[in-house]
Amino acid sequence: MIRNHLSFAGDHINSRLHQSNIQHHHAGTCSWLLEDAHYAAWKNPSSPTDRILCLSGPAGYGKSVLTSFVIRDIEQAAAVAYYFCHYSQPCDEPRAILRLLVGQLFNVYFERKLPDDDDLCLQVSC
């Protein structure tokens, strides 16, 4: 019930972009990031200032592919929620984006077969 309430059409577009990024990833590329000190600090933050990983660069330089690489790197150890802002889909609906992120986290929760928390379900559905 909660997952149905949280899903919307943007889920599929976001997921397709991530899958496309993974398909465009060439073996051996992006692995340099695993050795980068800034990435290591972000992955295991010791302070609040280490919690943001910022990628910037011109279109076509591989930011989205690198981001999907990061998602795949950390999703085995942690719940990951992500949103790809793409030129074909405006990023102007904060509530929809938040629903997408929360829905992804709920999917991780249920896919890992964690015990259902009835109190949590009641609080969220209200």
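Broken down by element type, the protein chain carries 6 helices and 0 strands. Carbon and sulfur atoms provide 56% of the accessible area of the protein chain, an area that totals close to 9200 Å².

It is worth spelling out the layout of surface pockets at this point. Here the largest pocket is characterised by a volume of approximately 730 Å³. Forming the walls of the largest pocket are 27 residues, and the residues nearest its centre are Leu55, Lys63, Ser64, Thr67 and Phe84. Of all the secondary structure elements, the ones that give two or more residues to the lining of the largest pocket are helix H2 (10-24) and helix H4 (63-74). Broken down by element, the residue count for the lining of the largest pocket peaks at 7 residues, all from H4.

This brings us to the environment of Arg51. For Arg51, the position within the fold is in the loop between helix H3 (37-43) and H4. C-alpha of Arg51 to C-alpha of Ala41: the two residues are 10 residues apart in sequence and 8.2 Å apart in space. Those residues in contact with Arg51 that sit more than four places away from it in its chain are Trp42 and Pro45.

Right, let's talk about the pattern of salt bridges for a bit. Counting across every chain of the model gives 1 salt bridge. Note that Lys43 is salt-bridged to Asp73, the shortest N-O span being 2.9 Å. With Lys43 in helix H3 and Asp73 in helix H4, this residue pair connects regions lying 30 residues apart in the sequence.

Its place among the elements puts Gln104 in helix H5 (residues 94-111). Using a relative accessible area of 15% as the deciding quantity, one classes Gln104 as buried. Reaching out from Gln104, the side chain makes a polar contact with the backbone nitrogen of Tyr82 at a distance of 2.6 Å. Here Gln104 is in contact with Asn14, Val80, Ala81 and Tyr82, once residues within four sequence places are set aside.

Another point: H5. Its 18 residues place the ends of H5 26 Å apart at the C-alpha level, agreeing with the 26 Å of an ideal helix rising 1.5 Å per residue. Every buried residue of H5 is listed here: Ala96, Ile97, Leu100, Gly103, Gln104, Phe106 and Val108.

Turning our attention to the side chain of His18. Mapped onto the elements, His18 comes out in helix H2. By relative accessible area, which is 4% here, His18 ends up buried. With near-sequence residues (within four places) excluded, His18 lies in contact with Ser68, Ile71, Arg72, Tyr82 and Phe84.

Definitions and limits used
Residues numbered from 1 in each chain as written. Predicted model: local features only at pLDDT ≥ 70, side-chain atom pairs only at ≥ 80, totals over all residues. Heavy atoms only, no water. Helix = DSSP H or I, 4+ residues; strand = E, 2+ residues; numbered from the N terminus. Areas by Shrake-Rupley, 256 points an atom, 1.4 Å probe, with all protein chains shown as cover. 1 Å grid on protein atoms, 1.4 Å probe; cavity = no way out; pocket = protein on both sides within 12 Å on 5 of 7 lines; lining within 4 Å. Points joined across faces, edges and corners; volume = space filled by probe spheres on them. Contact = heavy atoms within 4.5 Å. Salt bridge = Lys/Arg side-chain N within 4 Å of Asp/Glu carboxyl O. Buried < 20%, exposed > 50% of the residue type's maximum accessible area, 1.4 Å probe, protein only. Polar contact = N/O pair within 3.5 Å; in protein donor to acceptor, adjacent residues only side chain to side chain. Expected span 1.5 Å × (residues − 1).

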